[in-house]
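Listed below are the residues making up each chain.
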Amino acid sequence: MTGPDGSASLDADERGRVPRRGTLTGARAVASPVAAPLPGPADGTDRGAPENAPMTTSPTHRTRAERLDAYRTTAAVYAETGVELVVEGPCPGGQVGAAYVRGPDGRRSVLKSRPDTRIEELRAGPLAVCEVLRAHGYPCPATELALQVGRAAVLVQQLLPGTPMERLDHHGLDQALALNAAQTGLLARHRQIPSMDLYLLDDGPGYCLHGPLRRHNRRSAALERRIRATGAGHPRRLAGDDVVHQDFHHGNLLAVDGTVTGVIDWDGAGRGDRRFDLITLRFGLHSGEQPPGVVGRLDAVLDALPEDVLRPGWAHMSLRMTDWAIRHFTADEVEHWMDLAEQRL
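Residues numbered from 1 in each chain as written. Predicted model: local features only at pLDDT ≥ 70, side-chain atom pairs only at ≥ 80, totals over all residues. Heavy atoms only, no water.

Asks: Would you take a moment to explain the packing of helix α7 (residues 276-285) against helix α9 (residues 307-328) for this structure?
Replies: Each pair of packed helices can be summarised by the angle the axes make with each other and by the distance between the axes. Two elements in contact, α7 and α9, have axes whose closest approach is 9 Å; the angle formed by their N-to-C orientations is 45 degrees. With respect to each other, α7 and α9 are oriented oblique. Relative to α9, the crossing made by α7 is right-handed. Contact residues: Phe276, Ile279, Thr280, Arg282 and Phe283 in α7; Val309, Leu310, Gly313, Trp314, His316, Met317, Ser318, Arg320 and Met321 in α9. Its residues assigned to classes, the contact of α7 with α9 comprises 8 nonpolar, 4 polar and 2 charged. (Axes fitted to C-alpha atoms, helices over the stretch in contact; angles between N-to-C directions. Helix = DSSP H or I, 4+ residues; strand = E, 2+ residues; numbered from the N terminus. Parallel < 35°, antiparallel > 145°, perpendicular 65-115°, else oblique. Left-handed = near helix turned anticlockwise from the far one by under 90°. Contact = heavy atoms within 4.5 Å. Nonpolar A, V, L, I, M, F, W, Y, C, P; charged D, E, K, R; others polar.)

Have a look at this one:
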């Protein structure tokens, strides 16, 4: 049968029983949706403070991310390509979702879907970035299948060894900094790959939305004004020829016994200044308690960044995480992200 967007769907008793035929093809690298945020704990902020008084917000403004329906998506993939993918279960983490699947040859892979995205856009940007990275020996996954399913771009990604890092210790930080340095200048010969938009003056595609900050409370509205003011004083796109991951936090680093084996979730990747990813990493560390000294070390690295890199990058992450928290998490978590945002804005 078909889903509401015209893509194929399966009844519950049909799931995982698609007839076997077809093979996986392709050689492009892949990643999961951008802007998957890291929820933060409550921080004890005084809800009665005047600056935290809620503003009127219509439920229509609290748009949530569309989550992956793995069974409907694998059925649509089969209808389009003849490739059978048996769903084994959801991958941990993230707000949009990914699923473990097994192909006709028995190999396990990762299924992801990005709504409201054309596959041509991913081929020209993030997937092209990952081809460059893999050619230089950088540990990012290959794409085994990439196709358009209705209004969504569907990707089947190589399953790399390792599990996501729960915390970033000093050895992990050393590796993250080395990986970031390895992204330097890799796109100098690939001018067709677009640079990253910071969305400081207008909305991003489903994330970095300004409206939720304006409406949530006085504190978030003031933060949004500072973000726009930063955008008015800086270029809207990152300069540079480095690879930018755009979601470079420790949860996207896979490791075995403390050694990084892969970096995942590249589908927001583009051109720019690799040091932006260090700002993202800092926001990732804010989501939970880290070993002593790790956050201080990374803050020292950020302190040494040029203002024209640090300030717009910090403004982008402040918008991105606060907007996402407003639309998906609790009021305490919104305050948690604004606490960090205000440290440098």
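Asks: Whenever I open this one, the pairing of strand β9 (residues 253-256) confuses me. Can you help?
Replies: One ladder, built from 2 bridges, connects strand β7 (residues 163-164) with β9; its direction is antiparallel. Bridging across to β9, Pro164 finds its partner in Leu254. Both β9 and strand β10 (residues 259-263) contribute to a ladder of 4 bridges, which runs antiparallel. Along β10, the bridge assignment pairs Ala255 with Val260. The loop that links β9 with its antiparallel partner β10 comprises 2 residues; one of these, Asp257, has a positive phi angle of about 50 degrees. (Pairing = 2+ DSSP bridges.)

Asks: Sorry if this is basic, but what is going on with the sheet that holds β10 here?
Replies: Backbone hydrogen bonds hold the strands of a sheet together, and the pairing may be parallel or antiparallel. Pairing is antiparallel across the open sheet formed by 3 strands, whose spatial order is β7-β9-β10. Single-partner strands in this sheet number two, and they are β7 and β10.

Asks: Explain helix α1 (residues 70-81) here, please?
Replies: Every α-helix carries 3.6 residues per turn, so stepping three or four residues along brings you back to the same face. With 12 residues, α1 extends 16 Å from end C-alpha to end C-alpha; this agrees with the ideal 16 Å at 1.5 Å per step. Here α1 has its buried residues at Ala70, Arg72, Thr73, Thr74, Ala75, Ala76, Val77 and Tyr78. The secondary structure elements touched by the buried residues of α1 are β2 (86-90), β3 (99-102), β4 (108-114), β5 (142-149) and β6 (152-158). Directly after α1, the chain includes Gly82, whose backbone phi takes a positive value near 80 degrees. (Expected span 1.5 Å × (residues − 1). Buried < 20%, exposed > 50% of the residue type's maximum accessible area, 1.4 Å probe, protein only.)

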